[in-house]
Amino acid sequence: MRVGIVLGTKDATPFEFYIEVDSNQSLQVDDIIVTTSEYPRFGRVTFYGIVDQVISRLEGLETNEQARFHAQGLFDANLTYYCHIVVTRTLAEDGTSPKVPPRPGSEVKLADTEETKLALYFDKMEKKKIPCGLLSNNAPAYLDLDFLLGIKGGHVNISGKSGVATKTSYATFLLYSYFSSIRDVTEAYPDIGSANTHAIIFNVKGEDLLFLDKPNTKLSEKDRRMYEAMGLPARPFENVQFYAPPRSKRGQYEALLPNTESRIEGVNIFAWTIKEIVEDDLLWYLFSPKELSDTSQLYLAIRMATKWLNEEIREGLGFQSLRSVIQTLEEKIESIMERVATGTRDAFMRRLYRAEQEIGSLIVPEALPFEDIKSYSIDWRKAQVNVVDIHRLSDRAKYFTVGAILKSIVTEKENTGTPWPLIFIVLDELNKYAPINGDSPIADIVLDIAERGRSLGIILIGAQQTASEVAHRVVSNASIRICGNMDTSEAEHSVYGYLGSLNKKRVQYLTPGQMFVYQPDVPQTVLVQFPMPAWATRYQESIETGYIDKDFMISEIDIIREIEKDIEKGSGEK
Amino acid sequence: MSEILPVDLIKNLQAHQIWWDDSLEEPVNIPDETQPGGVETDTEIKDEWVPIKTDRVDYRKKIIIVDGVRRIDAHLILGNTGRSAILGEFVVGAFSLEKGTVAKRINECVIVLPPEIRIKETLIVGRAKYIPIFANNGTYEGLYRTFIQRMRERERETAYEFSRSGYTVIADGPLQVPFSEVGVTLGFVKSIRKSYLDERYWSVVLKLKKGERTPIFTIKSSENLPPKYSWYLRLKEPKYFESPFFGLVRLEAPYTLELKEVQELAQFSGGFLPYIISSSTLSSRAPENLAPLESLERRLRAMFHPVEHIRATLRKMIAQAYEEV
């Protein structure tokens, strides 16, 4: 469809030009256009571009007063409507990309679906791509898997305000798109496809992700059509495992229940034994990054304590809780920490007490021989998608959980010596775990994944409200950068350079579901719209399908009552 | 029109010298208004004159404003006889108040020749095509008057064309003859150069308030021309330091119309003309120059061929013509 002509009154270059829109047409920002010009040497050259600014003004007037007279119908002027175009690609008939400008006066058309693919290099991705949303013309946009899976690049970084959970929603959507396209992936990358890919999603807010395996009964027809347009089914995730921390124990009741509100059925518990902590060298993660940076001597104290604990366990001594560790430590501190200054010792113990208060519930006694469950660690190989709910944990407990899980994955990957199976890690609030300043064991592990993850087969889908507050190495190692709604002041930081000056001004107007997507082989950042999740994000959304029986809805109060009743019964019998 | 090459035409005309006035101002002052042969002041009111109020009306109606702009591109000396010719260009156009846009623009280039020289060929200079027309009088003033008359003729034709389509036409300047072919056209005279009235009438004219008009009077022409109706209208009241003539215009209507019709037109003109005036920052001839007139004139001037190009081409053509001799 013809929409206008290439303007000759403003410079047309191989990288940008202007078009004047026909009076019976209109163009908007993000529209994709195509135009052709004949050139000696190159023949017919096709130019593809994206509208990044539209301008309207009255021509031939010199003063605002004349414009006012024009509004009153007393002064004639030419109303012009023109657009700035960023050229995404030039293509000659022989497939080369000559850097020549389009000729002024050339007819400009709106790109159709096929032309859109060419404009954004989707044709070059061949089968190595997954849908990542819809463009303004409702044509699907794609991510280049070479840059997602660690072939030429890896990792995704998502920035944006929180509140509507758009970052996690988009990360989940990308995973969904990947797992739904797994057949194409296998064809394009036999190595990756043959071993099942897995994902771990850390759920940091609400319980939105506890229903990934249930269909969203409230999904609108419009959203369904969006899935269809991308060639994706509108279904929930198929193979999901949920993990939640255990509830704090009350009384002597031994059973562990997941600390979740809206769903308990099918939710596993994650926890560690003291033995696991010691063997995996996780003691570091009991301390918050701030504590570690405040007292440099603390490192020494932790090392001594780890050494001592290792010896104790090797000798067959078992600790059933952090409290018992602390008690023993306190008794023997003089001998264990000979070389550590008294002040540091005290500081170490104080912090250990606090850690016990906050993390104690994540530490469980070693299983007795007759118990079914041998371990409460996370076995991510058992399911395609693993949701680890940490939203109810304190910051310190979050550091511990994330640090311990990431550490075990890295260690395991290092030991197996192969990047396959691939594992995606979705982690929000990167600014907490890998802040721009200060280093800590948790920051080290996140940075390690950002830098070495590709070769280990660990792909980080990281997110944060403000990328300017995250360690540069984490963000710069992400090949794919995504940006949702945020303040324009934040977008001014150089880390958002990929947006371009005009898009930086637009970020504050993005609505939920809209994301700017940048990937290395597409020169222009594009705006995509992604649909509402096809899976439930609340109990109410899943309820009408009968997937969840209403009886499974047990509120916290109900559980406590149950427990108290059991306790009463037990004591009464005695 | 003809097969002859422009260079040969130059040779035939023996045009070997040109000059031009770079200011592009009019070389001679030719008054638009004819000598009045007498005025009848009792056309509308028999008694003593009093100002007549008009009611404001919406101007977004079928109203057309017609005007033309002209330019002398060059002046040719023909042979050794001292005869000369002028190359001139004018653009005539119309502004529609209904649409708020310029509704028509026509451009014409003419070579005005003294009566003794007769050629049929158009003189092509670059993209401009100068059609030959002939003056009655070979003097410079005569040539120039013929040039202006040609433009006035085109203006009248344009006015008549719109008038026949049901428009009320406001034509810049005095009405042109023949009145039988102007239709419902009002002449809009900005500059009050002549005093048609006695002093006692002037006291009424100069005290007109905004939107008020004088009674209609009749101007009889001395030069065998038909009489015409006329009235004064105040567009804007002068401030204490301004001349009482400030904001005063005179309108003309053809005698072919009925007096009742003219009365309606006079009321109508007072109802919208004071509300479409320009400001001093918009036009140097404010407020008498209406805003749409200013707009129209700008758009018309934009249609002129680039004068530097014409002159350079003409100079080159003359050089070529005499090189071959």
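How each quantity is defined
Residues numbered from 1 in each chain as written. Chains lettered and ligands numbered in written order. Predicted model: local features only at pLDDT ≥ 70, side-chain atom pairs only at ≥ 80, totals over all residues. Heavy atoms only, no water. Domains from an automatic or database assignment. Contact = heavy atoms within 4.5 Å. Buried area = accessible area lost by both parts, 1.4 Å probe. Salt bridge = Lys/Arg side-chain N within 4 Å of Asp/Glu carboxyl O. Polar contact = N/O pair within 3.5 Å; in protein donor to acceptor, adjacent residues only side chain to side chain. Nonpolar A, V, L, I, M, F, W, Y, C, P; charged D, E, K, R; others polar. Helix = DSSP H or I, 4+ residues; strand = E, 2+ residues; numbered from the N terminus. Buried < 20%, exposed > 50% of the residue type's maximum accessible area, 1.4 Å probe, protein only. Phe/Tyr/Trp six-rings, centres within 6.5 Å; stacked < 30°, edge-to-face > 60°. Lys NZ or Arg CZ within 6 Å of the ring centre and 35° of its normal.

Visitor: Provide a residue-level description of the domain arrangement of chain B, including the pertinent values.
Guide: Residues and elements named next belong to chain B. Here chain B is described as being made up of domain 1 (1-30 + 69-152 + 304-325) and domain 2 (32-62 + 167-276). Using only C-alpha atoms to locate each centre, domain 1 and domain 2 end up separated by 35 Å. At the junction of the two partners, domain 1 supplies 5 residues and domain 2 supplies 11 residues. Buried surface at the junction of domain 1 and domain 2, both sides included, amounts to about 740 Å², of which 43% is carbon and sulfur. Between domain 1 and domain 2 we count 0 salt bridges in total. The interface formed by domain 1 and domain 2 holds 1 residue pair in polar contact (both at pLDDT 80 or more) in total. For the side of domain 1 that touches domain 2, a count of residues per class yields 2 nonpolar, 1 polar and 2 charged.

Visitor: Go over the domain arrangement of chain A, please, and point to the residues and values.
Guide: On domain assignment, one finds that chain A holds domain 1 (2-119), domain 2 (153-270 + 378-485 + 532-551) and domain 3 (274-369). On a C-alpha basis, the centres of domain 1 of chain A and domain 2 of chain A stand 43 Å from each other.

Visitor: Go over unusual backbone geometry, please, and point to the residues and values.
Guide: What is expected of a backbone is that most residues other than glycine have negative phi and most peptide bonds are trans. Cis geometry is adopted by the peptide bond preceding P421(A), which originates at W420(A) and carries an omega value of -5°. Along the chain, P421(A) turns up in the loop between α13 (395-416) and β14 (423-427). With omega at -5°, the peptide bond leading from V177(B) into P178(B) counts as cis. Here P178(B) lies in the loop between β8 (168-172) and β9 (185-189). For N138(A), which is not glycine, the phi torsion reads 70° and is therefore positive. Tracing the chain through its elements places N138(A) in the loop between β7 (129-134) and β8 (140-144). Looking at N138(A), the relative accessible area reads 54%, which means it is exposed. Positive phi outside glycine occurs at E429(A), with the angle close to 60°. Here E429(A) is to be found in the loop between β14 and α14 (430-433). Here E429(A) falls in the buried class, since its relative accessible area comes to 17%.

Visitor: Describe in detail the environment of K207(B), supporting the description with residues and values.
Guide: All names here are of chain B. Looking at the element boundaries, K207 is found in the loop between α3 (199-206) and β10 (217-221). Residues K207 and R234 lie 27 residues apart in sequence; the distance between their C-alpha atoms is 9.0 Å. Excluding anything up to four places from it in sequence, K207 contacts E212 and R234.

Visitor: Could you give an account of the packing of aromatic side chains, with specific residues and numbers?
Guide: By the definition in use, this model includes 30 aromatic pairs over all chains. Relative to F530(A), the ring of Y170(A) lies with its centre 4.7 Å away and its plane at 55°, an arrangement referred to as tilted. Here the residue Y170(A) occupies a position in helix α4 (residues 166-180), and F530(A) occupies one in the loop between β18 (526-529) and α19 (539-543), the gap between them amounting to 360 residues. For Y170(A), a relative accessible area of 0% corresponds to the buried category. Aromatic pair Y498(A) and Y518(A): ring centres 5.5 Å apart, planes at 35°, arrangement tilted. In this pair, Y498(A) is assigned in the loop between α17 (488-491) and α18 (501-506) and Y518(A) in strand β17 (residues 514-518), connecting sequence segments 20 residues apart. Here the aromatic residues Y170(A), F173(A), Y176(A), Y227(A), F237(A), F530(A) and W535(A) are joined through ring pairs into a cluster of three or more. Sitting over the face of the ring of Y275(B), R56(B) holds its NZ or CZ atom 3.9 Å from the ring centroid. The ring of Y167(B) carries K62(B) above its face, with NZ or CZ at 4.7 Å from the centroid.

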